[in-house]
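Here are the chains, one letter per residue:
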Amino acid sequence: MPRRLEEHCIKISCKEPMAEPGRGSEDPNYLDPMTAGGKSGCSGLTTKELQKNLKLAKQNERPVRLLFEIPSSRVVEQLLNKHVVYQIVVMRSGSFDSRRVSVERRYNDFFQLHHKLLEEFNEELEDVLLPRKLLTGNFNPENILERRLALQDYLAKLFATRCVRHSAHFSEFFTEHEQKQAHVLLRAGQFTAALELLQTVLEIQEKLLPWQKSTLTVPALSAIAVCYRDLDEPEQAFSAAQRALPPVRRYGMKHYRAALLELLVDLGYQLGRPVAQLQDELTALRNSERGEVCFQSLKEVVIHKFI
């Protein structure tokens, strides 16, 4: 082994690996630099594996934050209404992030967010000002450009305020509209269209996870599992439900837990997966919560979430 890599190996083996905030055993994409490839520590790793693990360790040590861009806007004309919508791109810095996910919001959406935040964090937002409403010239290209840049700066200032980036209002601003639309489509049986919106919701929520509760993604993952099952794609449905289960267990989300376990057991039998432990867990939960929890299917739980 080259001397420099050997020195790095010794250095890493003496330190606790630094996980990215909000990630760990609950994140199926998390890769522990010390145990990658199923090997313990540095012994037995090839030079290429060592280099990969060192790169991962350095990435996990970088501070991660969100970046917001509003690169474009468009005027929407309806029968009795005309308004501007702004495209908001959400990215994570500090680690490699190739996914540029975006949503569209009106000025009124920003206004409602600001009002909610002021109600909860009045003093903390003294220096964070929402761009003022325009009485005239709302559709003037110069005014739209100026407001677009001002709203981008506003989001950056919100994120820089600790209480805001941990607030449920902040995450809901980026996902609630799409999540509600997805559930309307799901109830109508339009599962492919619902999936497209839910994937956007999930990607944004995953970017927010270092500052939000790990239960944040449970509703979206559960809805995704329901859509895939009804589209007769059991492998994807099983994977989504499996990802949702750890935070549900950890934080005692009883309705989701029973429904997810039931789905995983059914799909596990269909896919030939070992489900004995899941079946035992479901039986124990039903026995312990008899009379206290109304056991619904995952589809019923998902559908009632946004009614």
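A brief look at the structure comes next. Nothing here was measured: the structure is a model prediction, and the numbers come from that model.

**Observations concerning the sheet that holds strand β2 (residues 82-93)**
And step 1. The sheet built from three strands is open, its strands ordered β1-β2-β3 with antiparallel pairing. The open sheet has two free edges, formed respectively by β1 (65-77) and β3 (101-106), since each of these has just one partner strand. Each strand of the sheet is rotated relative to its neighbour by a mean of 25°, with strand direction disregarded.
And step 2. With six bridges joining them, β2 and β3 adopt antiparallel strand pairing. Residue pairing in the sheet places Y86 in a bridge with R105 of β3.

**Some words on unusual backbone geometry**
And step 1. At D232, a residue that is not glycine, the phi angle is positive and equals roughly 60°.
And step 2. Looking at the secondary structure, you find D232 in the loop between α8 (218-230) and α9 (234-250).
And step 3. We classify D232 as exposed; its relative accessible area is 60%.

**Brief notes about the packing of aromatic side chains**
And step 1. Evaluation of the coordinates by the stated rule reveals eight aromatic pairs.
And step 2. Pairing F68 with F174 gives two aromatic rings, centres 5.4 Å apart and planes at 10°, and the pair type is stacked. Taken together, the residues span a long stretch of sequence, with F68 in strand β1 and F174 in helix α6 (residues 168-187) at a distance of 106 residues. We note that F68, like F174, is buried.
And step 3. Taken together, a centroid distance of 5.0 Å and an interplanar angle of 80° make the contact between F173 and F174 edge-to-face.
And step 4. A relative accessible area of 7% means that F173 is categorised as buried.
And step 5. Three or more aromatic residues joined by ring pairs make a cluster, and in this case those are F68, F110, Y154, F159, F170, F173, F174 and W211.
And step 6. Sitting over the face of the ring of F173, R105 holds its NZ or CZ atom 5.8 Å from the ring centroid.
And step 7. The lysine or arginine in question, R273, covers the ring of F238, its NZ or CZ lying 4.7 Å from the ring centre.

What counts, and at which threshold
Within each chain, residues carry numbers counting from 1 in the order of the written sequence. In keeping with the model being predicted, local features are shown solely for residues with a pLDDT of at least 70 and side-chain atom pairs are shown and tallied solely at 80 or more, while totals for entire chains, interfaces and linings include all residues. Side-chain measures were taken over the full set of non-hydrogen atoms in the model, leaving aside hydrogen atoms and water. Strand pairing is assigned whenever DSSP identifies at least 2 bridges connecting the two strands. Secondary structure elements follow DSSP: runs of H or I of four or more residues count as helices, runs of E of two or more count as strands, with numbering from the N terminus. Only the stretch in contact is used when a helix axis is fitted, and all axes are lines through C-alpha atoms; the angle between N-to-C directions ranges over 0 to 180 degrees. Buried means the residue's accessible area, taken with a 1.4 Å probe over protein chains only, is under 20% of the maximum for its type, while exposed means over 50%, and partly exposed covers the values in between. In summary, the pairing rule links any two rings of Phe, Tyr or Trp, Trp by its six-membered ring, whose centres are within 6.5 Å, and it sorts them by plane angle into stacked for under 30 degrees, edge-to-face for over 60 and tilted for everything else. Geometrically, a lysine NZ or arginine CZ counts as sitting over a ring once it is within 6 Å of the ring centre and also within 35 degrees of the ring normal.

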